[in-house]
2 protein chains.
Amino acid sequence: MRAVQDCMDVLNGKWKIAIISSICYYSKRRFSDILNDVDGISNKMLSKELKELEINQLVKRTVLDTQPVTVQYELTDHGWSLRTIIENLTNWGIEHRKKIFES
Amino acid sequence: MRAVQDCMDVLNGKWKIAIISSICYYSKRRFSDILNDVDGISNKMLSKELKELEINQLVKRTVLDTQPVTVQYELTDHGWSLRTIIENLTNWGIEHRKKIFES
DNA sequence: CGGGATCCCCATTGATACTG
DNA sequence: CAGTATCAATGGGGATCCCG
């Protein structure tokens, strides 16, 4: 019971799951790419959420020495371990949509 | 990607997962019991979240003809199908706690 | 017991503009 | 490009009281 909350504390906020999904799908992803992937998110929110994910060691941030600057985000091993959950959530979402559609 | 959001739309709010976990664990659970299970939730929020879960057909509400009234909450088959996800989240939460503790 | 109604606040989010 | 800064608004959520 407590453990579920520990998990949700890390995945709190409106966008965390979607952000992780995006990075997870593409392995490596840039700031502006994620901004496009996640529908409706603002740069401010993305910045904030990514920072939190980094603190919780789910995401690794890498600055590439290009002009202009490129920043890569990728999942850490720990973040990567959420893959199963993401998949389950996705599958459930699909099933749920069917369910609601039928009724 | 969209599907993950469909799922999270249903599980939104601060308390949904915890509430489902509570009911899931006990199979049937009363309002005041859930109120105790979920640490920090207010009756207003519990009431509201349960209503939403009912609308999304994850939870079934049954009023028992006692004095005073007893209300049972249980998961529908659809709600029950979240069991795997709950378990995954729980396990991940435990692992995460270890991880953070080490660092 | 299981909520509903009210009041109220502040944290989260949005929109926009700006910068290295 | 990858953010930061600032201002403003909304609604999530707490506290309390009430009711059948």
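A quick note: this is a predicted structure, and the numbers were derived from the prediction, not measured.

Enquirer: Where do I start with unusual backbone geometry in this structure?
Expert: The general pattern is negative phi for most residues beyond glycine and trans for most peptide bonds. Here Q67(A) and P68(A) are connected by a cis peptide whose omega angle stands at 0 degrees. Position of P68(A) among the secondary structure elements: in the loop between β2 (59-64) and β3 (70-75). Although it is not a glycine, S27(B) sits at a positive phi angle of roughly 70 degrees. Here S27(B) lies in the loop between α2 (16-26) and β1 (28-30).

Enquirer: Quick question: what am I supposed to make of the protein's contact with DNA strand C here?
Expert: In the vicinity of DNA strand C, 18 residues are found, and the nearest of them are K44(A), S32(B), S47(B), R61(B) and Y73(B). At 3.2 Å, a side-chain N or O of K48(A) approaches a phosphate oxygen of DNA strand C. Within the backbone of V71(B), one N or O atom sits 3.4 Å away from a phosphate oxygen of DNA strand C. Here the surface near DNA strand C is built from residues that sort into 7 nonpolar, 4 polar and 7 charged.

Enquirer: Would you explain the pairing of β3(A) in this entry?
Expert: Put simply, side chains in a regular strand alternate between the two faces of the sheet. Residue and element names in this part refer to chain A. Burial analysis of β3 places 6 of its 6 residues in the buried class, which makes it a mostly covered element. Taken together, the 3 bridges between strand β1 (residues 28-30) and β3 define a ladder with antiparallel strand orientation. Paired with R30 across the strands is Q72, a residue of β3. Note: β2 against β3, 6 bridges, orientation antiparallel. Within β3, the residue paired with V63 across the bridge is V71. Connecting the antiparallel pair β2 and β3 is a turn made up of 5 residues.

Enquirer: Explanation requested: the relation of the copies chain B and chain A in the structure shown.
Expert: Two copies of a chain can be linked by a rotation about an axis combined with a shift along that same axis. With an axial shift of 0.0 Å and an RMSD of 0.0 Å, the rotation relating chain B to chain A amounts to 180 degrees. The transformation relating the two chain copies, once decomposed into turn and shift, fits a two-fold axis. Within chain B, the C-alpha atom positioned nearest to the axis of rotation is that of I85(B), 3.3 Å from it. Most of the interface of chain B is mirrored in chain A, where 100% of its interface residues again form contacts.

Enquirer: Quick question: what am I supposed to make of the sheet that holds strand β2 (residues 59-64) of chain B here?
Expert: In any sheet, the strands associate via hydrogen bonds between backbone groups, in a parallel or an antiparallel arrangement. Residues and elements named next belong to chain B. If you walk across this open sheet you meet the 3 strands as β1-β3-β2, and the pairing is antiparallel. The sheet is open, and its two borders are formed by β1 and β2, each paired with just one other strand. Geometrically, the sheet is characterised by an average inter-axis angle of 30 degrees between neighbouring strands, direction not taken into account.

Enquirer: Looking at this structure, I do not really get the interface of chain B and chain A. What am I missing?
Expert: A common way to express how large an interface is: the accessible area buried when the components associate. Between chain B and chain A, the contact holds 34 residues from the first and 35 residues from the second. Taken over both partners, the interface formed by chain B and chain A buries close to 3200 Å², and the fraction arising from carbon and sulfur atoms is 70%. Considering only the surface of chain B that becomes buried against chain A, M1(B), H78(B) and W92(B) emerge as the three largest contributors, covering 22% of it. Taken together, the connections running from chain B to chain A amount to 2 salt bridges. Note that R97(B) and D6(A) form a salt bridge whose closest N and O atoms lie 2.7 Å from each other. On inspection of chain B and its partner chain A, the count reaches 7 residue pairs in polar contact (both at pLDDT 80 or more). Of all the secondary-structure elements, those providing two or more residues to the side of chain B that touches chain A are α1 (2-10), α2 and α6 (83-102) of chain B. Of the residues forming the side of chain B that touches chain A, the biggest block, 12 residues, is contributed by α6(B). Looking at the side of chain B that touches chain A residue by residue, the class counts come to 15 nonpolar, 13 polar and 6 charged.

Rules behind the numbers
- Residues numbered from 1 in each chain as written.
- Chains lettered and ligands numbered in written order.
- Predicted model: local features only at pLDDT ≥ 70, side-chain atom pairs only at ≥ 80, totals over all residues.
- Heavy atoms only, no water.
- Helix = DSSP H or I, 4+ residues; strand = E, 2+ residues; numbered from the N terminus.
- Near = heavy atom within 4 Å.
- Polar contact = N/O pair within 3.5 Å; in protein donor to acceptor, adjacent residues only side chain to side chain.
- Nonpolar A, V, L, I, M, F, W, Y, C, P; charged D, E, K, R; others polar.
- Buried < 20%, exposed > 50% of the residue type's maximum accessible area, 1.4 Å probe, protein only.
- Pairing = 2+ DSSP bridges.
- Least-squares fit on C-alpha atoms with pLDDT ≥ 70 in both.
- Contact = heavy atoms within 4.5 Å.
- Axes fitted to C-alpha atoms, helices over the stretch in contact; angles between N-to-C directions.
- Buried area = accessible area lost by both parts, 1.4 Å probe.
- Salt bridge = Lys/Arg side-chain N within 4 Å of Asp/Glu carboxyl O.

Geometric values such as these leave the question of function open.
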